[in-house]
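What follows is the residue order along each chain.
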Amino acid sequence: MIKHLEEIVEAAKRGPKRRLIAAYAQDSHTIEAVNDAVELGFIEGVLVGDKDVIAAVCADKGIDMGKFEIIDIKEDVDCVAKAVKMVHDGEGDILMKGLVSSDKYVRGILNKEYGLLIPGGTLSHVAIFDTPKYHKLILVSDAAIIPAPTFEQKEWELRYLAEVAQVLGVEQPKIACLAPSEQLLPKIVSSAEAHQLHTNAAEGKYGNVLVEGPLSIDVALYPEVVETKKYKSNGVAGDADCLLFPSIEAGNTFFKLATHWCGARLAALVKGTTKPCILTSRGDSRDSKLASIALAAISVK
């Protein structure tokens, strides 16, 4: 089982080389991360963006732009459209977001003519955190795409968390469905729906997963809290692999606290797509972008 981000990169290095198409790839973090992946031998990089800007960034960072295929397009939306279509048409294995905003990137993925949404699916976001505050990687959904998920969307989010965890070698992912309390509070939607997800999982609806809910986040992550509260767990509480948040506000708040306050490093993907799509923040570090590229590479089917 993979327990640190560096191990994801090592796994990608052992696998086949993948072709990555980066949309509006003209910021230093994106170009440096793609360059790192090319140097490590598991990525062939295609940068879609303003060639003059890309050249200037490469010159400033001492990067040989001859390592990349450059597709010269000036506007961010046009870059996304070109990159998405290339992946859709089989000219790339992985789509990556560059300097373009998340909403424009997601709209490109949802293009009805040549988009990448799986039939009948829904887009969601899965982030992986490597933090000194926890004994293994922790997976989180959804911090970026679905504002207020319906119950059906939470079922998709749960499946996506399980898929990514299994890519990391977790055979039976432990998924905590979060709410304000570990006690069932029927009038609170997050609590009632977490309980229903727990019930459905126990009946085998979601495959080989352990799901527990409702759980407060302290009960989900800390065995000493489980013991203090004398909570009877099915194995998830105190040792969760995945956290399913009830709303984007909750997930995004955790995301930013984990990175800025707790020093967590991360990788992230859009799920619900026919090919792996990398969605990191424009402010995310070079290392986080490299880890996300590696995660996408080992997720290619």
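Just above, that's the structure.
Report on the accompanying structure. Note that this is a predicted model, so its numbers are computed, not measured.

1. Digging into empty space enclosed by the protein
Move 1: By the definition in use, this model includes 2 cavities of 30 Å³ or more.
Move 2: Here the largest cavity is characterised by a volume of approximately 50 Å³.
Move 3: Taken together, Met1, Ile2, Lys3, Lys136, Leu137, Leu139, Leu168, Val170 and Asp241 make up the full set of residues lining the largest cavity.
Move 4: Residue composition of the lining of the largest cavity, grouped by class: 6 nonpolar, no polar and 3 charged.
Move 5: Here the second largest cavity is characterised by a volume of approximately 40 Å³.
Move 6: Lining the second largest cavity we find Lys154, Cys177, Leu178, Ser190, Glu193, Ala194, Leu197, Leu244, Phe245 and Pro246.
Move 7: Per-element accounting of the lining of the second largest cavity gives the leading share, 4 residues, to helix α7 (residues 189-202).
Move 8: Each residue belonging to the lining of the second largest cavity can be placed in one class, and the counts come to 7 nonpolar, 1 polar and 2 charged.

2. Re the pairing of strand β2 (residues 43-49)
Move 1: Within β2, 6 of the 7 residues are buried, which leaves it mostly tucked inside the rest of the structure.
Move 2: Judged from the 6 bridges that link them, strand β1 (residues 18-23) and β2 form a sheet pairing that is parallel. Along β2, the bridge assignment pairs Leu20 with Gly45.
Move 3: Summarising the sheet, β2 and strand β3 (residues 69-72) pair through 4 bridges and their orientation is parallel. Paired with Leu47 across the two strands is Ile70, which belongs to β3.

The rules behind these values
Residues numbered from 1 in each chain as written. Predicted model: local features only at pLDDT ≥ 70, side-chain atom pairs only at ≥ 80, totals over all residues. Heavy atoms only, no water. 1 Å grid on protein atoms, 1.4 Å probe; cavity = no way out; pocket = protein on both sides within 12 Å on 5 of 7 lines; lining within 4 Å. Points joined across faces, edges and corners; volume = space filled by probe spheres on them. Nonpolar A, V, L, I, M, F, W, Y, C, P; charged D, E, K, R; others polar. Helix = DSSP H or I, 4+ residues; strand = E, 2+ residues; numbered from the N terminus. Buried < 20%, exposed > 50% of the residue type's maximum accessible area, 1.4 Å probe, protein only. Pairing = 2+ DSSP bridges.

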